[in-house]
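# Coordinate analysis (summary)
Residues per chain are reported as follows:
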Amino acid sequence: MKSKGLQKLRWYCQMCAKQCRDENGFKCHTMSEAHQRQLLLFGENTGKYLHSYSKDFEKAFTDILKRQYNEKRVQANVVYQQYIGDKEHVHMNSTCWVTLTSFVKHLGRTGKAIIDETEKGWYVTWVQKDQDTLDKEKKAT
């Protein structure tokens, strides 16, 4: 019996893009030859994979923020829930950010969003930049 839609993220291997139904399936997957090959590739250049996943996560998250909430203050978790609704999303545990809070703080530090913390959680507001500012930032990186 195949299930449709999203499953619990706890049993997902980002390197192999493999979703397992339960702990036993995940354990079997981690012992498989294919997974071991992926781990060797990851081990050779950890930074490259981590940077790539982090960049993909940030781009997709900010795209939602930019398109749906352009310059509107919104709870970060609302945007995150929309983001994880996409079955093909990059899982946060594959990025350099351990929590949504650390990611939101990153957005604030880099000037991509205005952030503020309330008792209801973190709020983000997309910062719209003109083309000159974007060009300067691109040259700097």
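Residues numbered from 1 in each chain as written. Predicted model: local features only at pLDDT ≥ 70, side-chain atom pairs only at ≥ 80, totals over all residues. Heavy atoms only, no water.

Okay, the overall build of the chain next. Looking only at helices and strands, the chain has six helices and five strands in total. Each helix (α) and strand (β) of the chain, taken in turn from the N terminus, gives the series β-β-α-α-α-β-α-α-β-β-α. The buried share of the chain, reckoned over its 141 residues, is 30%. For the chain, restricting intrachain contacts to residue pairs at least 6 apart in sequence, the fraction spanning at least 24 positions comes to 45%. Counting every atom, the chain has about 9,800 Å² of accessible surface; 52% of that belongs to carbon and sulfur. (Helix = DSSP H or I, 4+ residues; strand = E, 2+ residues; numbered from the N terminus. Buried < 20%, exposed > 50% of the residue type's maximum accessible area, 1.4 Å probe, protein only. Contact = heavy atoms within 4.5 Å. Areas by Shrake-Rupley, 256 points an atom, 1.4 Å probe, with all protein chains shown as cover.)

This brings us to the sheet that holds strand β5 (residues 121-126). The strands that make up a sheet pair up through hydrogen bonds in the backbone, lying either parallel or antiparallel. The three strands are arranged β3-β5-β4 in an open sheet whose pairing can be described as antiparallel. At either margin of the open sheet sits one strand with a lone partner, and together these are β3 (73-75) and β4 (113-118). Direction aside, neighbouring strands of the sheet carry axes that sit 30 degrees apart on average. One ladder, built from three bridges, connects β3 with β5; its direction is antiparallel. Its bridge partner lying in β5, Val 74 is registered against Val 124. Along the sheet, helix α4 (residues 76-84) contacts β3 and β5; its crossing angle with β3, the most-contacted strand, is approximately 70 degrees. Lying over the sheet, helix α5 (residues 100-109) contacts β4 and β5, oriented at roughly 135 degrees with respect to β4. (Pairing = 2+ DSSP bridges. Axes fitted to C-alpha atoms, helices over the stretch in contact; angles between N-to-C directions.)

This part covers unusual backbone geometry. Phi at Glu 71 takes a positive value of approximately 60 degrees, unusual for a residue other than glycine. Residue position: Glu 71 is located in the loop between α3 (46-68) and β3.

Okay, the environment of Thr 118 next. Examined against the element boundaries, Thr 118 turns out to sit in strand β4. Placed 43 residues apart in sequence, Thr 118 and Gln 75 show a C-alpha to C-alpha distance of 9.7 Å. Not counting residues up to four positions away in its chain, the partners in contact with Thr 118 are Arg 73 and Tyr 123. A distance of 3.1 Å separates a polar side-chain atom of Thr 118 from the backbone nitrogen of Lys 120. (Polar contact = N/O pair within 3.5 Å; in protein donor to acceptor, adjacent residues only side chain to side chain.)

So, on to the confidence of the model for the chain. With 86% of its residues at a pLDDT of 70 or more, the chain shows a mean pLDDT of 84. Predicted confidence in the chain is weakest over helix α6 (residues 131-140), with a mean pLDDT of 61, and strongest over β3, with 95. (pLDDT = per-residue confidence, 0-100.)

Opposite charge on two side chains permits pairing when their charged atoms draw close. With the rule as written, the count across this model stands at five salt bridges. Among the salt bridges present, the one from Lys 112 reaches Glu 58, with a minimum N-O distance of 2.4 Å. In this pair, Lys 112 is assigned in the loop between α5 and β4 and Glu 58 in helix α3, connecting sequence segments 54 residues apart. Taking the relative accessible area as the measure of exposure, Lys 112 reaches 29% and is therefore partly exposed. Residue Asp 116 is joined to Arg 73 by a salt bridge in which the shortest nitrogen-to-oxygen separation is 2.8 Å. With Asp 116 in strand β4 and Arg 73 in strand β3, this residue pair connects regions lying 43 residues apart in the sequence. Asp 116 gets classed as partly exposed once you look at its relative accessible area, which sits at 25%. Judged by its relative accessible area of 46%, Arg 73 falls in the partly exposed class. Several salt bridges converge on common partners, so that one network encompasses Lys 59, Asp 63 and Lys 66. (Salt bridge = Lys/Arg side-chain N within 4 Å of Asp/Glu carboxyl O.)

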